[in-house]
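# Inside the fold
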Amino acid sequence: MKTGLVLEGGAMRGMFTCGIIDIFINNDIKFDGVVGVSAGAIFGVNYPSKQAGRVISYNLEYIKDKRYMGLGSLIKTGDLINKDFAYYTVPLEYYPFDFETYHNSGIPFYACVTNMETGQPEYYQINDFDFGMEVLRASASMPFVTRPVMLNGKPFLDGGVADSIPFRFMLDKGYDRLVVVLTRDIDYVKSPMPPLPIKLKYRKYPAFAERLINRHIEYNESIAQLKELEKEGKVFIIRPSVPLGIGRTERNIEKMKATYSRGLTDGAAILEQMKAFMASEG
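Here the structure is a predicted model, which is why all the values come from computation and not from measurement.

Roughly 290 Å³ of volume is contained in the largest pocket. As for the largest pocket, its lining consists of 16 residues, and the residues nearest its centre are P143, M193, L212, R215 and R248. Of all the secondary structure elements, the ones that give two or more residues to the lining of the largest pocket are helix 10 (206–213) and helix 11 (215–231). In the lining of the largest pocket, the residues fall into nine nonpolar, three polar and four charged.

Written out as structure tokens, the structure is:
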């Protein structure tokens, strides 16, 4: 049987996911494939590269650095997170990504992006740095504070708009059971966004705007489906044991540390139960 790992996004809530992933790495947990969306994608690639601690380290060091993210970058470049520094300088120079280990892992890693022209999700396997980094950047590019990312001449943004939790993609790829890492607690219900600002901002992309307006409906339906699959023994859900209390663009160091620590604690708490799930024959 093939076991897939699904990583939800959530911007800086992804620090929780980083803690979970580091538990997986440090305990030699093996998955047959991974899909990530938004923060789940840009942080999740560190699972095949086996770089425990890398994400929390570079975020703690640079989160308040004007070169990394902030209003200055948004005004100057149109992107809250600075493309050149965050996506190229950091992984190539300051905290090098281990491409060799990533490729040698043999674990296919997919990232979900949203096509702004169609409003549909698309999924790309990350095989190389150049195009792969742009896919990851597109997956994590939040609406309103990021310019569209061009892939093969088409505009893309945040994969979470079209598929916040891409578990169906993994089931369609032939994975028999899934471990799904969420960044919201069990009581969370997504609320709608005001439609008017969305329609005005993305008037050139009506399909994308419609998808963003209805995102809360699709998200809540996905959670309901995941709960049913969990009852059937096909899915193992990992979620924060308490609300995380961290903003999407959080720059508070202590909150980031606490969110990462919650991932470590919650990951350790479910480890044996998850191992039993992965060892079962379904």
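Taking 1.5 Å per residue, 17 residues should reach 24 Å; helix 11 reaches 25 Å between its end C-alpha atoms and fits that length. Burial in helix 11 covers these residues: R215, H216, Y219, S222, I223, L226 and L229. The buried residues of helix 11 occupy an angular sector of 145° when the element is viewed end-on, so they sit on one face. On its buried face, helix 11 sits against strand 6 (154–158), helix 8 (167–172), strand 7 (177–181), helix 10 and strand 8 (235–238). A positive phi of about 80° marks G233, the residue just after helix 11.

On to empty space enclosed by the protein, then. For the structure shown, the criterion picks out five cavities of 30 Å³ or more. In terms of lining, the largest cavity is formed by 32 residues, of which the most central are I42, F43, Y58, Y87 and M133. Listing elements by their share of the lining of the largest cavity, those giving two or more residues are helix 2 (39–44), helix 3 (54–62), helix 5 (83–94), helix 6 (99–104) and helix 7 (130–139). Per-element tally for the lining of the largest cavity: the top contributor is helix 5, with four residues. Looking at the lining of the largest cavity residue by residue, the class counts come to 23 nonpolar, six polar and three charged.

As a further point, take the environment of V90. Secondary-structure assignment places V90 in helix 5. V90 sits 162 residues away from N252 along the chain, and the two C-alpha atoms are 20 Å apart. Filtering out sequence-adjacent residues up to four positions away, V90 remains in contact with Y58, Y62, F85, Y95 and P96.

Turning our eyes to something else, we now look at the pattern of salt bridges. In this structure the tally under the stated criterion is eleven salt bridges. A salt bridge links D65 to R67, with the nearest nitrogen and oxygen atoms 2.8 Å apart. Note on D65: relative accessible area 18%, which makes it buried. With a shortest N-O distance of 3.8 Å, K257 and E254 are connected by a salt bridge. Taken together, the residues K257 and E254, both in helix 12 (residues 253–279) and three residues apart, mark about one turn of the helix. The exposed category is assigned to E254, whose relative accessible area is 52%.

The contact between helix 5 and helix 7 brings their axes to 12 Å, and the two run at 135°. Considering their axes alone, helix 5 and helix 7 lie oblique with respect to each other. Our pair here, helix 5 against helix 7, has a crossing hand that is right-handed. When helix 5 is examined against helix 7, the residues K83, Y87, Y88 and P91 are found in contact with a partner set consisting of D130, M133, E134 and R137. The class makeup of the residues in the contact of helix 5 with helix 7 is four nonpolar, no polar and four charged.

So, how was this worked out
Residues numbered from 1 in each chain as written. Predicted model: local features only at pLDDT ≥ 70, side-chain atom pairs only at ≥ 80, totals over all residues. Heavy atoms only, no water. 1 Å grid on protein atoms, 1.4 Å probe; cavity = no way out; pocket = protein on both sides within 12 Å on 5 of 7 lines; lining within 4 Å. Points joined across faces, edges and corners; volume = space filled by probe spheres on them. Helix = DSSP H or I, 4+ residues; strand = E, 2+ residues; numbered from the N terminus. Nonpolar A, V, L, I, M, F, W, Y, C, P; charged D, E, K, R; others polar. Expected span 1.5 Å × (residues − 1). Buried < 20%, exposed > 50% of the residue type's maximum accessible area, 1.4 Å probe, protein only. Arc of directions from axis to C-beta. Contact = heavy atoms within 4.5 Å. Salt bridge = Lys/Arg side-chain N within 4 Å of Asp/Glu carboxyl O. Axes fitted to C-alpha atoms, helices over the stretch in contact; angles between N-to-C directions. Parallel < 35°, antiparallel > 145°, perpendicular 65-115°, else oblique. Left-handed = near helix turned anticlockwise from the far one by under 90°.

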